[in-house]
Structure formats: structure tokens, C-alpha cells
Amino acid sequence: MEFKEVVGRRRSIRYFQSWRKVEREKIQIMLEAARLASCAVNATFLKAIVVIRDNIPRETLDALKTPVSALTIELAPVHIYTYVDMAAYKGAQARLKKLVDVGALNATHGWSHKFVDEFVWPNILKPLADNPNLASVAASAASDAGIAICQAMLAGVDEGLGVCLTAFQHDAINKLVKAPKEWIPLFVLLVGYPAESWEAGGQRPRPPLEEIFFEGEYGKPFKADPKVTEQMKAAKMIQAPAPLPWRKEEIKALARMFGLPE
Amino acid sequence: MASIDKPLEEYDSVKIWYQGLREQSGVEPTEDKSRLELLAEFCATLELDPDAIVAACLLRKEGKETKISIKGRRSMAERITDFQAKGGAEGREQAKRGNTIRSFLIHNGILLQSGIQI
Ligand SMILES: Cc1cc2nc3c(=O)[nH]c(=O)nc-3n(C[C@H](O)[C@H](O)[C@H](O)COP(=O)(O)O)c2cc1C
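Rules used in this analysis
- Residues numbered from 1 in each chain as written.
- Chains lettered and ligands numbered in written order.
- Predicted model: local features only at pLDDT ≥ 70, side-chain atom pairs only at ≥ 80, totals over all residues.
- Heavy atoms only, no water.
- Buried < 20%, exposed > 50% of the residue type's maximum accessible area, 1.4 Å probe, protein only.
- Helix = DSSP H or I, 4+ residues; strand = E, 2+ residues; numbered from the N terminus.
- Pairing = 2+ DSSP bridges.
- Arc of directions from axis to C-beta.
- Contact = heavy atoms within 4.5 Å.
- Axes fitted to C-alpha atoms, helices over the stretch in contact; angles between N-to-C directions.
- Parallel < 35°, antiparallel > 145°, perpendicular 65-115°, else oblique.
- Core = buried A, V, L, I, M, F, W, Y, C linked by side-chain atoms within 4.5 Å.
- Buried area = accessible area lost by both parts, 1.4 Å probe.
- Salt bridge = Lys/Arg side-chain N within 4 Å of Asp/Glu carboxyl O.
- Polar contact = N/O pair within 3.5 Å; in protein donor to acceptor, adjacent residues only side chain to side chain.
- Nonpolar A, V, L, I, M, F, W, Y, C, P; charged D, E, K, R; others polar.

Things to note about the pairing of strand E2 (residues 78–85) of chain A
Residues and elements named next belong to chain A.
For step 1, the next point in the chain: For E2, the tally of buried residues reaches eight of eight residues, placing the bulk of the element in the interior.
For step 2, the next point in the chain: The alternating pattern of E2 places Val 78, Ile 80, Thr 82 and Val 84 on one face and His 79, Tyr 81, Tyr 83 and Asp 85 on the opposite face, and all of these are buried.
For step 3, the next point in the chain: With seven bridges joining them, strand E1 (residues 46–52) and E2 adopt antiparallel strand pairing. Bridged to Ile 49 within E2 is Tyr 81.

Now the structure itself:
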């Protein structure tokens, strides 16, 4: 699928074919997409544990559910539990030097081994590594992980899968997956084949571009060029907005199929 | 005991339910009579009117925002499970009993999840 269409087709899928296994290679492709994502100081903050739902004991599965994610957790055959690994800072010094060695960071931009050892590490990175609880540190680690998760999601969509990033009860899964203490739990990426149509009712409402993005300074909207908007529609990046006319009928049918309240 | 002293459709919580079914779920609530019959049966079991059933799931404290009561909700979920089990022998029929009451409470803002019942 073309990239723009993948972006356009992605939406949170909340009804999965709960009975249908996901091919392991598709999960590998998603993880690879996450691994290749841009990451701060080339340290992979995102860590993840793939769990097949049917291998989760019933009691644990029930304990994982939150008020905003219970049914989706139950329906999705594959769960990817995501974490931020704060220990990732520790290897940052060596990783940056490796970027120098491979010619990604160059003297043209002020980079050298000495610059990493004597400036970047002691002045910038070590203070961050020593203060993982600072809001700014947590925010940058979470941004890093978010980008990687997003690439995994898009790769999943490209493979014809449905994905939904969802909250989970952190303590409940840990007995099973035994994540290290310094990993901060984020969300669970639920994966499976959609039981709803891939359109899932249409592209979700978002504020217009002009309302959230600015040009030059805050308050001066970034004005969308209608011609470009049309191009994105043609490339299926911008798609028919929700609700599609038959969405309520689809939900009724899904409720009946799964035995859910209307 | 909050006894039922008017037609069920006249209770605020039933009006909210019907509105939710029409607007959110695209379902015409009056088409299937069993909906209201099941709610009436549930009310009789609990000896509460519909509004009182919703209220039993909420915590109201003077001067504070109304919150969902964890205890109230949990005990209501158990009552619904019992109510569901008392239905016909067919799994689907039983699920319909429970889900009708869950739908009533969900549209009234009370979180209740039963999971898949197939
Ligand atoms: C970090 C994050 C956490 C989310 N958590 C939940 C969740 O707990 N439950 C849920 O149903 N959806 C969750 N979502 C999905 C959003 O609600 C969803 O993105 C939103 O409905 C917009 O629709 P779309 O993803 O279909 O475009 C989450 C999304 C993100 C990015």
C-alpha cells in the first residue's frame, strides 16, 4: 500500500476477529518498523513484550482490563505491551560515538568522540539519565517510544491488520511478562484482523489543520492549500469522515454477533 | 423501597436510555417490547424503580461532583449476572436479558461490561 493510504486507513479498531490468529511474521514486521523509528540519542527507549491473548490466564486477562479498554483487550488476539526503558540513557554515550563512526553525526555539525565524551554526555545526557522522574525526561522518553509505536501501528495497517493503542492495568500483566523494574509501562498495542470493516465507520473527527498548527508564530494559522488537500484525498490519505451512513447498522450487527449491549 | 408509580417510560433514566438507543445506537426502543418488560422484571427483582437503580450505582456527596460508586456498580453487575442466569435455557436469550439491563445503565453513564457472550 502507498504510504499516504496507510496513514489514511489507520484508525483504532475496537472489534477484532477474536478467533483468528495473526501470522507471526506480521508481528515481526511491526516490531521491525518500531526498531527502525527515529530515536533520541539513538537509544531505543521503547521496549515491548508480545503476548498471545490465549496464553494469558483468564484471571490475568480480566485483571488487565480498564474501564476504557476491557472489551477491546478481550477481543484482540495479540497484545504488544509497550514500555519506556529509562535505562536506555545508560548506553547513549557509546551509541552516539557509534553514530560518529558510521558518518551519521559529523564534524560538519560539531560532532566528534571528544565532543560526546566531554560535552554531550556530562552536560546534557547524564543529568537526564540521573533524573528519570523529571517531567521533561519522561516526556522525551515517551515521545521517543510514541514514534516507534506509531511506526509499528502503520506497519500493521499495511499488513491488513487492525490496531488499537489502549490502556491496561500495569501490575496485572507483570507477573506473566516479568518486565524489568526500570521499564515504565505505557500502553498495550492490540492487534488482530478487524471484525468491523477496515473503515471502522470513517476517518475520525479532528480539528482543522488551521486550529492546531501555526506558521511563524502562535495564533497565525498554518493555512491549508485546498489543491494539496485534494491531492491527499486522491491519494486516500484524507478519507470519508465518520460516521459513514451505515455505521449504526454495522455496530448493531457487531453487538448481535458478539452478544454485546446496544 | 422506591416503588413504581408510573409507566416506566416516564422515568428520567428510561427517557435517557431511549434517547441513547435512538441517537447513539440507531435502535428504535419501542420496536422490541421485551426491552421494557425485562427492565420491569429487573426493577421488580430489586424492588427499585429505574431511577433508583441508576442512583444505586452513584455516589452523591453534598457539594461534590457525583461519582460512580465502585461498590454500587459492582453489586449491580452481580445482580445483572444473576438476573441473566435466570433466563431461558438458550445462551443468547440469557445474554439478551443481561445486556438489556446493561444497555439501560450504560446509556445512563454507568460503566458495566460483560465481555463477549457468544
Ligand atoms: C496513547 C493512546 C492511548 C489510547 N488509549 C485508548 C484506550 O485506553 N481505549 C481506547 O478505546 N482507545 C484508546 N486510544 C485510541 C484513541 O481513543 C483513538 O486514537 C481515538 O479514538 C481517535 O481515533 P483513531 O485512532 O481511530 O484515529 C488511545 C490512543 C493513544 C494514541
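Some words on helix H8 (residues 170–177) of chain A
Residue and element names in this part refer to chain A.
For step 1, the next point in the chain: Within the span of H8, buried status applies to Ala 172, Ile 173 and Val 177. Summarising the axial view, the buried residues of H8 lie within an arc of 115°, below the 170-degree limit, and thus occupy one face. Every exposed residue of H8 that faces more than 90 degrees away from the buried side is listed here: Asp 171 and Lys 175.
For step 2, the next point in the chain: For H8, the secondary structure elements touched by its buried residues are E1, helix H3 (58–64) and E2.
For step 3, the next point in the chain: Looking one or two places after H8, you find Lys 178, whose phi comes out positive at around 50°.

A few points about the environment of Ala63(A)
Residue and element names in this part refer to chain A.
For step 1, the next point in the chain: Its location among the elements puts Ala 63 in helix H3.
For step 2, the next point in the chain: For the pair Ala 63 and Met 1, spaced 62 residues apart in sequence, the C-alpha separation works out to 37 Å.
For step 3, the next point in the chain: Once residues lying within four places of it in the same chain are set aside, the contact partners of Ala 63 are Gln 169 and Ala 172.

Overview of the packing of helix H1 (residues 12–23) of chain B against helix H5 (residues 91–107) of chain B
Residues and elements named next belong to chain B.
For step 1, the next point in the chain: Interaxial distance between H1 and H5 falls to 8 Å at its minimum, and their mutual angle equals 95°. With respect to their mutual orientation, H1 and H5 come out roughly perpendicular. Between H1 and H5, the contacting residues are Ser 13, Val 14, Ile 16, Trp 17, Gly 20 and Leu 21 on the first element and Thr 100, Ser 103, Phe 104 and His 107 on the second.

Brief notes about the nonpolar core
Residues and elements named next belong to chain A.
For step 1, the next point in the chain: Among the nonpolar cores identified, the biggest contains 41 residues, and Met 30, Leu 189 and Val 191 are the most heavily contacted of them.
For step 2, the next point in the chain: Listing elements by their share of this core, those giving two or more residues are helix H2 (24–35), E2, helix H5 (92–101), helix H6 (113–130), helix H7 (135–158) and strand E4 (183–192).
For step 3, the next point in the chain: Considering every element that reaches this core, the biggest residue donor is H7, with 10 residues.

Looking at the interface of chain A and chain B
For step 1, the next point in the chain: Facing the 16 residues of chain A at the interface are 21 residues of chain B.
For step 2, the next point in the chain: For the chain A and chain B pair, buried surface summed over both sides reaches about 1300 Å², with 54% attributable to carbon and sulfur atoms.
For step 3, the next point in the chain: Per-residue buried area on chain A facing chain B is highest for Lys248(A), Pro261(A) and Glu262(A); these three make up 39% of the total on that side.
For step 4, the next point in the chain: If you look at where chain A meets chain B, you find one salt bridge.
For step 5, the next point in the chain: Our enumeration of links across chain A and chain B arrives at nine residue pairs in polar contact (both at pLDDT 80 or more).
For step 6, the next point in the chain: Residue assignment for the side of chain A that touches chain B shows that the elements contributing at least two residues are helix H4 (70–75) and helix H11 (247–258) of chain A.
For step 7, the next point in the chain: Per element, the largest residue contribution to the side of chain A that touches chain B is five residues, and it comes from H11(A).
For step 8, the next point in the chain: A per-class count over the side of chain A that touches chain B returns eight nonpolar, three polar and five charged.

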